[in-house]
Amino acid sequence: MSYRIDYIEFPAADLAATKRFYQDVFEWVFTDYGPDYTSFADGRIAGGFTKETQVRPLGPLIVIYAEDLAAIQEKIKAAHGQIVKPTFDFPGGKRFHFTDPSGNELSVWSDK
């Protein structure tokens, strides 16, 4: 298992809002480790959010798979995320980019 991505860590200005967002949109499960850190599990990979006063934009792009892009876009908007790049085609599927409540930019793709 060497040389594979094992854990992803994001900064978050507001841990409570960040947890609500990912729970509501992607159904991630969280475990808190004190007031300044929470870890998540999505069923494939684990990661965490650490409390930071500023979030650095334009870090690595994390891409999440979903079968129904339109449904996920609606969930993101309802959870106070923003679509920052509309759905576009690429070889193998479609994707869009969004920002979470802390300003982290991620993408969602589908082969459907």
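Scroll up for the structure.
These remarks concern the structure in this document.

Definitions and cut-offs
- Residues numbered from 1 in each chain as written.
- Predicted model: local features only at pLDDT ≥ 70, side-chain atom pairs only at ≥ 80, totals over all residues.
- Heavy atoms only, no water.
- Helix = DSSP H or I, 4+ residues; strand = E, 2+ residues; numbered from the N terminus.
- Rg over C-alpha atoms; globule rule 2.2 N^0.38 Å.
- Buried < 20%, exposed > 50% of the residue type's maximum accessible area, 1.4 Å probe, protein only.
- Contact = heavy atoms within 4.5 Å.
- Pairing = 2+ DSSP bridges.
- Axes fitted to C-alpha atoms, helices over the stretch in contact; angles between N-to-C directions.

1. A few points about the overall build of the protein chain
Then comes step 1: Looking only at helices and strands, the protein chain has two helices and eight strands in total.
Then comes step 2: Starting at the N terminus, the α and β elements of the protein chain follow one another as β-α-β-β-β-β-α-β-β-β.
Then comes step 3: In terms of C-alpha radius of gyration, the protein chain reaches 14 Å, essentially the compact-globule figure of 13 Å for 112 residues.
Then comes step 4: For the protein chain, the residues scored as buried account for 39% of the 112 residues in total.
Then comes step 5: Nonlocal contacts in the protein chain, meaning residues at least 24 apart in sequence, comprise 53% of its contacts between residues at least 6 apart.

2. With respect to the pairing of strand β8 (residues 105-110)
Then comes step 1: Summarising the sheet, strand β5 (residues 62-65) and β8 pair through four bridges and their orientation is parallel. Looking at β8, one finds that Ile62 is bridged to Leu106.
Then comes step 2: Note that strand β7 (residues 93-99) and β8 share six bridges and pair antiparallel. Bridged to Phe96 within β8 is Val108.
Then comes step 3: Following β7, the chain reverses through five residues before pairing antiparallel with β8; Gly103 in that reversal takes a positive phi of roughly 95 degrees.

3. As for the environment of Gly93
Then comes step 1: Residue placement: Gly93 occurs in strand β7.
Then comes step 2: On the accessibility criterion, Gly93 (16% relative accessible area) is buried.
Then comes step 3: Linking Gly93 and Asp111, residues 18 residues apart in sequence, is a C-alpha distance of 4.2 Å.
Then comes step 4: Ignoring any residue separated from it by four or fewer positions in sequence, one finds Gly93 in contact with Phe88, Ser110 and Asp111.

4. Focus: the sheet that holds strand β3 (residues 37-41)
Then comes step 1: Overall, mixed pairing links the four strands, which are arranged β1-β4-β3-β2 in an open sheet. Across the chains shown, the open sheet's two edge strands, defined by having one partner strand only, are β1 (7-12) and β2 (29-32). The mean inter-strand angle of the sheet, taken between neighbouring strand axes irrespective of direction, is 25 degrees.
Then comes step 2: Sheet topology places β1 next to strand β4 (residues 46-51); six bridges connect them, and they run parallel.

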